[in-house]
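What follows is each chain in one-letter form.
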Amino acid sequence: MVTSSNPQRGRAVSLLPPRHLTILETSKLRNNLSEVLTEVAASGNPPAALEFITGPSRTSDIEMDLSIGVHGPIEVYVLLVDDSKGIE
């Protein structure tokens, strides 16, 4: 899931909730990151930041102490809505 910041929604909004639910139209699905970045560049007005919501972070310190979920949601849910047929 990729979101962009704007004056009404700051950058930290994707880091705060423990669970993230997205309702996404299937027409907005992209095959890879390159397609997303191409669209952002073509918009002519790129956002100050893009957030990539992929699930809980994983990090280890120098002693290899693994920490999970320090940044970002612990669970990510995506509900896909097929919009190819339009609303009837």
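Values in this document were obtained by computation on a predicted structure and should not be read as measured data.

**Considerations on the side chain of threonine 22**
So, point 1. As for its position among the elements, threonine 22 is in strand E2 (residues 19-25).
So, point 2. When its relative accessible area of 7% is taken as the criterion, threonine 22 is described as buried.
So, point 3. Within polar-contact distance, the side chain of threonine 22 engages the side chain of histidine 20 at 2.7 Å.
So, point 4. Among all residues touching threonine 22, those that are not within four sequence positions of it are Met1, Tyr77, Val78 and Leu79.

**Looking at the pattern of salt bridges**
So, point 1. With the rule as written, the count across this model stands at three salt bridges.
So, point 2. Of the charged contacts, one joins arginine 19 and glutamate 75 as a salt bridge, the two residues approaching to 2.8 Å between their closest N and O atoms. With a gap of 56 residues between them, arginine 19 in strand E2 and glutamate 75 in strand E6 (residues 75-81) connect regions that are remote in the sequence.
So, point 3. Between glutamate 25 and lysine 28 there is a salt bridge; the shortest N-O distance is 3.7 Å.
So, point 4. By relative accessible area, glutamate 25 is classed as partly exposed at 34%.

**A closer look at helix H1 (residues 33-42)**
So, point 1. Of the residues that open H1, the one with a side-chain oxygen 3.2 Å from the backbone nitrogen of serine 34 is asparagine 32.
So, point 2. Just downstream of H1 lies glycine 44, where phi reads positive at about 80°.

**A closer look at a nonpolar patch on the surface**
So, point 1. On the surface, Leu21, Ile23, Tyr77, Leu79 and Val81 cluster together to form a nonpolar patch covering roughly 510 Å² of accessible area.
So, point 2. Going through the elements one at a time, E2 and E6 are the ones with two or more residues in the nonpolar patch.
So, point 3. Sort the elements by how many residues they give to the nonpolar patch and E6 lands first, with three residues.
So, point 4. Counting through the fold element by element, leucine 21 comes out in strand E2.

Analysis parameters
Residues numbered from 1 in each chain as written. Predicted model: local features only at pLDDT ≥ 70, side-chain atom pairs only at ≥ 80, totals over all residues. Heavy atoms only, no water. Helix = DSSP H or I, 4+ residues; strand = E, 2+ residues; numbered from the N terminus. Buried < 20%, exposed > 50% of the residue type's maximum accessible area, 1.4 Å probe, protein only. Polar contact = N/O pair within 3.5 Å; in protein donor to acceptor, adjacent residues only side chain to side chain. Contact = heavy atoms within 4.5 Å. Salt bridge = Lys/Arg side-chain N within 4 Å of Asp/Glu carboxyl O. Patch = residues over 30% accessible without salt bridge, like charges linked within 9 Å, V, L, I, M, F, W, Y side chains within 5 Å. Areas by Shrake-Rupley, 256 points an atom, 1.4 Å probe, with all protein chains shown as cover.

Such coordinate-based values are descriptive only and should not be taken to indicate function.
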